[in-house]
Amino acid sequence: MRYVIIGAGAVGGTVGGRLAQAGREVVLVARGRHLAALAERGLKLRVPEGESTYRLPAVDGPDPLGELRADDVLVLAVKTQDTVAALETWGEVPVAGGGTAAERLALVCLQNGVEGPRLALRRFRHVYGVCVWLPSTFVEPGVVSAAGTPLTGILHLGRYPHGTDDTARRIAADLAAARFEAPVVPDVARWQYAKLLGNLGNALEAVGGPIDNEQSMALYASVRAEGEAVLDAAGIAYASAEEQKEARGDKVTLVPLDGAPRGGGSSWQSLVRGTGTIEADHLNGEIVLIGRLHGLPTPLNELLQRLANRFAREGRPAGSLPVAELARLADEAERAADR
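Note that the coordinates shown come from a computational prediction; the quantities given were computed from them, not determined experimentally. (Residues numbered from 1 in each chain as written. Predicted model: local features only at pLDDT ≥ 70, side-chain atom pairs only at ≥ 80, totals over all residues. Heavy atoms only, no water.)

Asker: Account for the pairing of strand β12 (residues 153–159), with residues named and values stated.
Answerer: Of all the seven residues making up β12, six are buried; the element is thus mostly covered by neighbouring parts of the structure. Judged from the six bridges that link them, strand β8 (residues 126–133) and β12 form a sheet pairing that is antiparallel. Paired with G129 across the two strands is G158, which belongs to β12. Pairing of β12 with strand β13 (residues 180–181), which is carried by two bridges, proceeds in the parallel orientation. Bridge pairing links G153 to F180 in β13. (Buried < 20%, exposed > 50% of the residue type's maximum accessible area, 1.4 Å probe, protein only. Helix = DSSP H or I, 4+ residues; strand = E, 2+ residues; numbered from the N terminus. Pairing = 2+ DSSP bridges.)

Asker: Outline the environment of T167, supporting the account with residue identities and numerical values.
Answerer: Mapped onto the secondary structure, T167 falls in helix α6 (residues 166–176). Exposure remark for T167: the relative accessible area of 26% places this residue in the partly exposed category. Taking the C-alpha atoms as reference points, T167 and A106, 61 residues apart in sequence, are found 7.9 Å from one another. Aside from chain neighbours lying at most four places away, what touches T167 is A106 and Y128. (Contact = heavy atoms within 4.5 Å.)

Asker: If you had to explain the side chain of T100 to someone new, which residues and values would you point to?
Answerer: Structurally, T100 can be placed in the loop between α3 (83–91) and α4 (101–104). Take T100: its relative accessible area is 13%, and that puts it in the buried class.

Asker: I'd like a description of the packing of helix α8 (residues 201–208) against helix α11 (residues 266–273), backed by residues and values.
Answerer: Any two packed helices are characterised by the angle at which their axes cross and by the distance between the axes. Following both chains from N to C, one finds α8 and α11 inclined at 35°, their axes separated by 7 Å at the closest point. You can see that α8 and α11 cross each other, and the crossing is right-handed. Where α8 abuts α11, its residues N202, A203, E205 and A206 lie against S266, S267, W268 and L271. Within the contact of α8 with α11, the residues separate by chemical class into four nonpolar, three polar and one charged. (Axes fitted to C-alpha atoms, helices over the stretch in contact; angles between N-to-C directions. Left-handed = near helix turned anticlockwise from the far one by under 90°. Nonpolar A, V, L, I, M, F, W, Y, C, P; charged D, E, K, R; others polar.)

Asker: I'd like to hear about the packing of aromatic side chains, residue by residue, with values.
Answerer: Overall, the coordinates contain zero aromatic pairs when judged by the stated rule. Across from the ring centre of W133, 3.7 Å away, lies the NZ or CZ of R248, which sits over that ring. (Phe/Tyr/Trp six-rings, centres within 6.5 Å; stacked < 30°, edge-to-face > 60°. Lys NZ or Arg CZ within 6 Å of the ring centre and 35° of its normal.)

Asker: Explain the packing of α8 against helix α13 (residues 299–314) to me, using residue names and the numbers behind them.
Answerer: At a closest axis distance of 9 Å, the pairing of α8 and α13 adopts a crossing angle of 45°. By the angle class used here, α8 and α13 are oblique. For the crossing formed where α8 meets α13, the hand is left-handed. On the side of α8, the interface is formed by A203, L204 and V207, while α13 contributes L304, L307, A308 and F311. (Parallel < 35°, antiparallel > 145°, perpendicular 65-115°, else oblique.)

Asker: For the sheet that holds β13, give the residues involved together with the corresponding values.
Answerer: Taken in spatial order, the eight strands make up an open sheet running β5-β2-β1-β6-β7-β8-β12-β13, and their pairing is mixed. The open sheet has two edge strands with one neighbour each: β5 (58–59) and β13. Here strand β6 (residues 72–76) runs beside strand β7 (residues 106–109); their pairing, made up of four bridges, is parallel. By the bridge assignment, V75 is partnered in β7 with V108. Across the face of the sheet, helix α1 (residues 10–21) comes into contact with β1 (2–6), β2 (25–29), β8, β12 and β13 while running at roughly 155° to β2. Strands in contact with helix α7 (residues 188–199) are β8 and β12; relative to β8, the strand with the most contacts, it is inclined by about 40°.

Asker: Give a detailed account of the environment of A336, specifying residues and quantitative values.
Answerer: Inspection of the secondary structure assignment puts A336 in helix α14 (residues 323–338). Put simply, A336 and P299 are 37 residues apart on the chain and 8.3 Å apart in space, counted from C-alpha to C-alpha.

Asker: Give me the lowdown on the state of the cysteines, citing residues and values where you can.
Answerer: Scanning all chains against the criterion turns up zero disulfides. Note on C109: no disulfide assigned, nearest cysteine sulfur contributed by C131 at a separation of 13 Å. Classification of C131 as buried rests on a relative accessible area of 4%. (Disulfide = S-S within 2.5 Å.)

Asker: Describe in detail the pattern of salt bridges, supporting the description with residues and values.
Answerer: The full count for this structure, using the stated rule, is 24 salt bridges. Across the pair E49 and R18 runs a salt bridge whose closest N-O atoms are separated by 2.6 Å. Note that E49 is positioned in the loop between β3 (43–47) and β4 (50–54) and R18 in helix α1, a separation of 31 residues in sequence. Look at E49 and you get partly exposed, because its relative accessible area is 43%. Looking at R18, the relative accessible area reads 1%, which means it is buried. Its salt-bridge partner being R69, residue D72 comes within 3.9 Å of it at the nearest N-O pair. Assessed through its relative accessible area of 2%, D72 is described here as buried. Since its relative accessible area comes to 29%, R69 is described here as partly exposed. Taken together, the shared-partner salt bridges connect R2, E25, R69, D71 and D72 into one network. (Salt bridge = Lys/Arg side-chain N within 4 Å of Asp/Glu carboxyl O.)

The following block contains the structure:
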């Protein structure tokens, strides 16, 4: 199979680089300065065992590829806010032997949150969800870093919204050869909702800096508790913290990488790169949406969603809001919700 990585950033670039290292055929899809760097110098992948460069085909869309192959796998690794545009771009591309990508090809949603696969299923017949546990960083064009060892990441994989098949198992086997663990599960959405709860801290880190002190950790615990209460009220199943810990064990241990920048989460990286957008609407905003559908207040997630969007829109530096001020705003938001 050939893997077409749509969005070769931190996660997509790492998966693409590791697959290429394992001898799989890979095409990278990127834009702007990142695409120019990939085309000129190749993909530089920094991992614990060293730094390697992979000169892979790099394109800005489907046109340079022409007709897609029947064994192509489209790996959607863009941020959720860019999903619809990507689906529109790739869905109608013709496939050798007849039909379109949306009709015939596997689409693997390698994304945070739970909205991407839902959007994809409106357009593509064969959608696969992934619970992405892959600490990686992309802040410099042409360069991605992944500090996990002995495995680079753990990627629970399955048909969306549920089920497994031979395609999922073939993809998982390729990922396993590329230093990932990829359990094929019939309930991938349950793992994605569990990861969503962890990602509720992304916006907190992006605006307030690392969650590494008593005040920020307490705030994150409250944000997560708010998310759990909403999922419980909606009857949405999610893997427990104990189940996730057992699945991960010590398989992905982070180590310092020479020359690699400090790697905050995906939302932090969006602010560092100055993209102008951030995925908070589909992380904290997912909890806000479910809360409103079920009549539950979600003041802390609303606050983080609003602040993260403002930081992205106004180009504010990542981590520049003092955590004491953030805690004060959180207290005000909770008091207002109680009135």
